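Given next are the chains, with one letter for each unit.
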Amino acid sequence: MNDLGKWAWLIGLALLVLMGALSGFVSMDLAIVSDIAVALAFIGGIMHLAKGDRTAFFIAALALGAFYSGAGTLFVDILGNLVAGILGGAATAAAAGAAGALVMTVYEWVMP
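Let me sum up the structure you'll find in this document.

Calculation criteria
- Residues numbered from 1 in each chain as written.
- Predicted model: local features only at pLDDT ≥ 70, side-chain atom pairs only at ≥ 80, totals over all residues.
- Heavy atoms only, no water.
- Helix = DSSP H or I, 4+ residues; strand = E, 2+ residues; numbered from the N terminus.
- Buried < 20%, exposed > 50% of the residue type's maximum accessible area, 1.4 Å probe, protein only.
- Expected span 1.5 Å × (residues − 1).
- Arc of directions from axis to C-beta.
- Axes fitted to C-alpha atoms, helices over the stretch in contact; angles between N-to-C directions.
- Parallel < 35°, antiparallel > 145°, perpendicular 65-115°, else oblique.
- Left-handed = near helix turned anticlockwise from the far one by under 90°.
- Contact = heavy atoms within 4.5 Å.
- Nonpolar A, V, L, I, M, F, W, Y, C, P; charged D, E, K, R; others polar.

### Digging into the environment of L62
As for its position among the elements, L62 is in helix 3 (residues 54–69). We classify L62 as exposed; its relative accessible area is 65%. In sequence terms L62 and A94 are 32 residues apart; their C-alpha atoms lie 8.5 Å from each other.

### Details of helix 3
Helix length check: helix 3, at 16 residues, gives a terminal C-alpha distance of 23 Å against a target of 22 Å (1.5 Å per residue), a fit within 8%. Turning to helix 3, its buried residues number three or more, namely R54, F57 and A61. Buried residues of helix 3, seen end-on, are gathered within an arc of 65 degrees and therefore sit on one face of the element. Across from the buried face of helix 3, at angles greater than 90 degrees, the exposed residues are T55, I59, L62 and A66.

### Some remarks on the packing of helix 2 (residues 31–47) against helix 4 (residues 77–110)
Helix packing for two helices is described by the angle between their axes and how far apart those axes are. Running from amino to carboxyl end, helix 2 crosses helix 4 at an angle of 40 degrees, the nearest separation of the two axes being 7 Å. On the basis of their axis angle, the class for helix 2 and helix 4 is oblique. For the pair helix 2 and helix 4, the sense of crossing is right-handed. From helix 2, V38, A41, F42, G45 and I46 reach across to helix 4, where they touch T92, A93, A96, G97, A99, G100, A101, V103 and M104. For the contact of helix 2 with helix 4, the class distribution of residues is 10 nonpolar, 4 polar and no charged.

Below, the structure written as structure tokens:
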């Protein structure tokens, strides 16, 4: 059962990074796939990421989100779009996983 959370987060991460990489080149409307990928990353955050060192993951997710916000302006247009798409997918997966781990943190605070 522990591996299920790890695989859910990894599949969500891979789907979001792949969709982010492709969005730099192709206009796609795959809302259902991205919703499923975010849900998988959230479930992986609850089942797997909440069991480790949460503080380090929260800091890494925050740093990834901050770096993603400026990634589109760091490079030339095509390369910038590719890097920004990949970082956007990874930041989305990290944010969903962090939200899942945060739910478990609050649950452990509230429940004795």
